[in-house]
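The residues making up each chain are set out below.
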Amino acid sequence: MNIDQLKYFADLAKTNSITNTAKRMFISQQALSESIKRLENELGCTLVNRSKTGVKFTDDGKLILDYAQKILDLHTEMEHQLQAKYDNNVLRGKLSIGVGPTVSNVFLPKLMLKMHRQYPDIKLHIVESSRDNIISLLHTAELDFGIFGIYTEEINTNFINPLQKRLTDSHTEHKLQKQKLYSDPLVCVMSQNHPLSSEKHLTVAQLNTTPQTTYSYDKESIFTQENRNSLCISTNAKIHQQFILEENMVCRMPYQAYMTQFNDKRITFRPIIDGLPVENYLYYRKSAFEENEILYTRFIETAKMLANEL
């Protein structure tokens, strides 16, 4: 049992809806259902009954809910005590964060809202830019953090990713630290009527001969190298959706981008079994962390917690 499980459980009592609580807590419905199930298994009783109209708490569920509220109240009091201890310096600070476009569309909105709810006096300044510029701004101390995805390159060993080399050099020369947040598998997004929708999964070879658009900001990304005939390279979901529905093209993109930006029932996706995932990292300067340890630690912990819930 952990504090997040109790928060989810308590919020479920407010909404009586797996769907609504999942949205409010920034997790998937599946993750929420699994969290409740683990809590039930640990306590050895049924807490809620599920139906098409929502959830209803059992007698045991109501009993556990009372205790959960008490625990959450104590947890909130503890956090307030800690905040009061550092109120005069760290928790009233400012953070400048540079993000790549994919992170900006998928991860950043949830991260900002979670930071605001937990630490409302911390001011966040967001810069959306290219990965090269984010690295430069980290070096010049104009940014505290950089968050962006890197397309891994294990399949095509002949392709040398210049970004990886720049980052390796940065670690040595400027002592940039990195924290892996989450891996995002690639999927192929298409119309329900597309011929490939009959497949359970797809391969890179299949897609290399299929008319498509590419969800990417970086023209040097690995899957762009594999398919130079991609019609457009962009992170604007509306552009890709229009080509998918009106031209019956497909689009390769990270799974989280699809889940957060495509809700049209006419559009579906298929996994790419040999596609390379996008590895999303958090970068910061070692010297800056040492100067602002508590503030940086709170931000990193919040980002990691949110990433684990994806």
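Residues numbered from 1 in each chain as written. Predicted model: local features only at pLDDT ≥ 70, side-chain atom pairs only at ≥ 80, totals over all residues. Heavy atoms only, no water.

**Student:** Help me out: how do you make sense of helix α6 (residues 108–118) in this one?
**Tutor:** Since the α-helix turns once every 3.6 residues, residues separated by three or four places project in the same direction. When α6 is considered as a whole, its buried residues turn out to be Leu-108, Lys-110, Leu-111, Lys-114 and Met-115. What you see down the axis of α6 is that its buried residues fit within an arc of 160 degrees, all on one side. (Buried < 20%, exposed > 50% of the residue type's maximum accessible area, 1.4 Å probe, protein only. Helix = DSSP H or I, 4+ residues; strand = E, 2+ residues; numbered from the N terminus. Arc of directions from axis to C-beta.)

**Student:** Sorry, what's going on with the packing of aromatic side chains here?
**Tutor:** Geometry of an aromatic ring pair is reported as the spacing of the ring centres plus the angle between the planes. Scanning the entire structure with this criterion turns up 13 aromatic pairs. Plain terms: the ring middles of Phe-107 and Tyr-182 are 5.4 Å apart, the flat faces sit at 40 degrees to each other, and that makes the pair tilted. One end of the pair, Phe-107, is in the loop between α5 (101–106) and α6; the other, Tyr-182, is in strand β6 (residues 176–184), and 75 residues separate them in sequence. Overall, the relative accessible area of 1% leaves Phe-107 in the buried class. For Tyr-182, a relative accessible area of 8% translates into the label buried. With a centroid separation of 4.5 Å and an interplanar angle of 40 degrees, the aromatic rings of Phe-145 and Tyr-296 are classed as tilted. Of this pair, Phe-145 sits in strand β5 (residues 145–151) while Tyr-296 sits in helix α14 (residues 293–309), placing them 151 residues apart in sequence. Each member of the aromatic cluster is reached from another via a ring pair, and the members are Phe-145, Tyr-284, Phe-289, Tyr-296 and Phe-299. The aromatic ring of Tyr-67 is capped on one face by Lys-70, whose charged end is 5.3 Å from the ring centroid. Here the basic side chain of Lys-178 rests over the ring of Tyr-281, its NZ or CZ set 4.6 Å away from the ring centre. (Phe/Tyr/Trp six-rings, centres within 6.5 Å; stacked < 30°, edge-to-face > 60°. Lys NZ or Arg CZ within 6 Å of the ring centre and 35° of its normal.)

**Student:** Help me out: how do you make sense of the nonpolar core in this one?
**Tutor:** Side chains that are nonpolar tend, in soluble globular proteins, to be buried together. One finds Phe-107, Leu-111, Phe-145, Ile-147, Leu-181, Met-253 and Phe-299 to be the most contacted residues of the largest nonpolar core, which totals 37 residues. If you tally residues by element for this core, the top one is α14, at 7 residues. The contacts of Phe-299, once residues within four sequence positions are left out, are Leu-95, Ile-97, Leu-111, Met-115, Phe-145, Ile-147 and Leu-282. Grouped together as the second largest cluster of nonpolar side chains are 21 residues, Ala-10, Leu-32, Ile-36 and Ile-64 included. (Core = buried A, V, L, I, M, F, W, Y, C linked by side-chain atoms within 4.5 Å. Contact = heavy atoms within 4.5 Å.)

**Student:** When you look at the pattern of salt bridges in this model, what are you seeing that I'm missing?
**Tutor:** When their charged atoms lie close together, side chains carrying opposite charge are able to pair. Applying the stated criterion to the full structure yields 3 salt bridges. The salt bridge partner of Lys-180 is Glu-279, with a shortest N-O separation of 3.0 Å. Residue Lys-180 is located in strand β6, and its partner Glu-279 is located in strand β12 (residues 278–285); the two are separated by 99 residues in the primary sequence. Two residues, Asp-264 and Arg-266, come together in a salt bridge whose shortest N-O distance is 2.7 Å. (Salt bridge = Lys/Arg side-chain N within 4 Å of Asp/Glu carboxyl O.)

**Student:** Help me out: how do you make sense of the environment of Tyr-8 in this one?
**Tutor:** Positionally, Tyr-8 belongs in helix α1 (residues 3–15). Residue Tyr-8 is classed as buried on the basis of its relative accessible area of 8%. Tyr-8 sits 16 residues away from Arg-24 along the chain, and the two C-alpha atoms are 9.2 Å apart. Here Tyr-8 is in contact with Thr-21, Met-25, Ile-27, Leu-32, Ser-35 and Glu-309, once residues within four sequence places are set aside.

**Student:** Looking at this structure, I do not really get the pairing of β12. What am I missing?
**Tutor:** Each regular strand shows side chains that alternate between the opposite faces of the sheet. Among the 8 residues of β12, 8 are classified as buried, and the element is accordingly described as predominantly covered. Of the two faces of β12, the one holding Val-278, Asn-280, Leu-282 and Tyr-284 and the one holding Glu-279, Tyr-281, Tyr-283 and Arg-285 are both buried throughout. Both β6 and β12 contribute to a ladder of 8 bridges, which runs antiparallel. Paired with Lys-178 across the strands is Tyr-283, a residue of β12. (Pairing = 2+ DSSP bridges.)

**Student:** How should I be thinking about the sheet that holds strand β7 (residues 186–191) in this particular structure?
**Tutor:** Two pairing modes exist for strands in a sheet, parallel and antiparallel, and in both the strands are linked by backbone hydrogen bonds. Strands sit in the order β9-β8-β10-β7-β11 across an open sheet of 5 strands; the sheet is mixed. In this open sheet, the two strands that pair with only one neighbour each are β9 (233–234) and β11 (267–271). Taken together, the 4 bridges between β7 and strand β10 (residues 250–254) define a ladder with antiparallel strand orientation. Within the sheet, the bridge partner assigned to Val-189 lies in β10 and is Cys-251. Packing against the sheet, helix α11 (residues 237–246) makes contact with β7, β8 (212–215), β9, β10 and β11, and its axis sits at approximately 160 degrees to β8. (Axes fitted to C-alpha atoms, helices over the stretch in contact; angles between N-to-C directions.)

**Student:** Is there a simple way to explain the pairing of strand β1 (residues 48–51) in this structure?
**Tutor:** Strand direction decides the pairing type here: β1 and strand β2 (residues 54–57), joined by 4 bridges, are antiparallel. Along β2, the bridge assignment pairs Arg-50 with Val-55. Where β1 folds back on β2, the antiparallel hairpin that results is connected by 2 residues.

Functional significance is not addressed by these values, which are geometric in nature.
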